[in-house]
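Report on the structure
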Amino acid sequence: MSSSPIQRAITEAIESVASTEARVSILVRALGRAGIARVPERGPEVMRFLEGPLLDALVERLGASTATEIADHLRPVLRMAARASSVAPPTGRATQRPPTAVPETVPPGAEEPATEPRPTLRVADPGRFDPDAHDRPTSVPPEQTGVRRTPAPMRAVGGDVSHTAPTRRMETPKDDHLPAASVFVLATLDDALAAALESLREVEVRRVRGLFELVDASDDSRERATTLIFDCGAPPVHVASLLALAADMPDVMHVAVLGAAKLDMQALSAAPDRTIGWYYLDRTSPEDLARKVSQAARSARATGS
């Protein structure tokens, strides 16, 4: 999404009464219903977006009273911004490019004219992006390169990290089962994995292929115990998008992450506390996952959940 003045106004208005996660959910839903990729920036489309998809999303997420207050606050601001951005610049005079400077020949013995220094290229520390970079030998000592390396993170010594720890680390133990649930939401682009789960009898499986569908599935799960299976091997959205929606997910929704890579676990370790209690499973065969889903569904029926 762009960072236009209109979107900043909408963001500030929503976050004055709601969380960042709620704002993300509202904008994603509004953009999806409008069928556009970003907030309109000019012309009558701005007010149509406010009075239509955005207002509907505000009502569904925050209630009619709060939605009305936000819309009343935004109307004069967006109307002014839309009018200003839709005004075309004056066209009385043609814009001319400055003439290209022609290099002059410097006479022998004369001093050359001063030139602007070339920008200095700064080399980023690979250790900030590659968690294994600190373990690789370097051919040139760091003190000779001028690059200050980021200290390698300390590794935990002995013992496993508890599921109730305040932050998750890459040493988080893997789970062997899925939580009992009445509905299973499968977030994957792997058709074979989806086919294996959708073929299960007496198991309700809903597949999502994008962020808009994931938001809808999360909202629909507020009445029934639901397990979201997020496939890191073929994810329909980035892990960061999943984390942006995590704090806004209903309490009855559990999340099972399949095949999280090292970088995925690093992102999860910095996530809010809402991600604690999630399940982390290895990405096995579609048949093995289907067996685990079937067991979790039977457990839910046995307990009446």
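For the structure itself, look to the data block above.
Presented here is an overview of the structure given in this document.

1. Remarks on the pairing of strand 3 (residues 226–231)
Within strand 3, six of the six residues are buried, which leaves the element mostly enclosed by the surrounding structure. Burial along strand 3 is two-sided: the residues Thr226, Leu228 and Phe230 and Thr227, Ile229 and Asp231 are all buried. Bridge count between strand 1 (residues 183–187) and strand 3: five bridges; the pairing is parallel. Bridged to Val185 within strand 3 is Leu228. Bridge count for strand 3 against strand 4 (residues 253–258) is six bridges, and the pairing is parallel. Residue pairing for strand 4: Thr226 is matched across the bridge by Met253.

2. Topic: the packing of helix 7 (residues 211–220) against helix 8 (residues 239–246)
In contact at an axis separation of 11 Å, helix 7 and helix 8 are set at 25° when each is read in the N-to-C sense. Between helix 7 and helix 8, the interaxial angle falls into the category roughly parallel. Taken as a pair, helix 7 and helix 8 cross one another with a handedness that is right-handed. Along its contact with helix 7, which presents Leu211, Leu214 and Val215, the element helix 8 presents Ser241, Leu242 and Leu245. Residue classes in the contact of helix 7 with helix 8 are distributed as five nonpolar, one polar and no charged.

3. Re unusual backbone geometry
The backbone of Glu202 shows a phi angle near 60°, a positive value even though the residue is not glycine. The topology assignment puts Glu202 in the loop between helix 6 (191–198) and strand 2 (204–208). Judged by its relative accessible area of 68%, Glu202 is exposed.

4. Re the sheet that holds strand 3
Within the open sheet, the five strands sit side by side as 2-1-3-4-5. Their pairing is parallel. The open sheet has two edge strands, strand 2 and strand 5 (279–281), and neither has a second partner. Adjacent strand axes in the sheet meet at a mean angle of 20°, parallel and antiparallel pairs treated alike. Sheet topology note: the strand 1/strand 2 ladder contains five bridges and is parallel. Across the sheet, residue Leu186 finds its bridge partner in strand 2, namely Arg207. Relative to the sheet, helix 6 contacts strand 1, strand 2, strand 3 and strand 4, its axis offset from that of strand 2 by approximately 160°.

5. Here's the deal with the environment of Thr11
Structurally, the position occupied by Thr11 is in helix 1 (residues 5–15). A sequence separation of 16 residues divides Thr11 from Leu27, and the C-alpha atoms of the two residues are 8.9 Å apart.

6. Some details on the side chain of Ser218
Its place among the elements puts Ser218 in helix 7. Since its relative accessible area comes to 9%, Ser218 is described here as buried. The residues touching Ser218, leaving out its near neighbours within four places in the chain, are Met249, Pro250 and Met253.

7. Here's the deal with the environment of Val39
Within the fold, Val39 resides in the loop between helix 2 (20–34) and helix 3 (45–62). The spacing of Val39 and Phe49 is ten residues in sequence and 8.0 Å in space, taken between C-alpha atoms. Val39 has contacts with Ile6, Gln7, Ile10, Leu27, Leu31 and Phe49, leaving out every residue within four places of it along the chain.

8. Remarks on the pattern of salt bridges
Tallied over the entire structure, the rule returns 17 salt bridges. Close ionic contact of Asp219 with Arg222 constitutes a salt bridge, the shortest N to O distance being 3.4 Å. Its relative accessible area of 35% is what places Arg222 among the partly exposed residues. Between Arg291 and Asp288 there is a salt bridge, with its nearest N and O atoms 2.4 Å apart. In this pair, Arg291 and Asp288 are both assigned in helix 10 (residues 286–303), three residues apart and thus about one turn of the helix distant. A cluster of three or more residues bridged by salt bridges with shared partners is formed by Arg29, Arg33, Glu60, Asp216, Asp219 and Arg222.

Procedures and definitions
Residues numbered from 1 in each chain as written. Predicted model: local features only at pLDDT ≥ 70, side-chain atom pairs only at ≥ 80, totals over all residues. Heavy atoms only, no water. Buried < 20%, exposed > 50% of the residue type's maximum accessible area, 1.4 Å probe, protein only. Helix = DSSP H or I, 4+ residues; strand = E, 2+ residues; numbered from the N terminus. Pairing = 2+ DSSP bridges. Axes fitted to C-alpha atoms, helices over the stretch in contact; angles between N-to-C directions. Parallel < 35°, antiparallel > 145°, perpendicular 65-115°, else oblique. Left-handed = near helix turned anticlockwise from the far one by under 90°. Contact = heavy atoms within 4.5 Å. Nonpolar A, V, L, I, M, F, W, Y, C, P; charged D, E, K, R; others polar. Salt bridge = Lys/Arg side-chain N within 4 Å of Asp/Glu carboxyl O.

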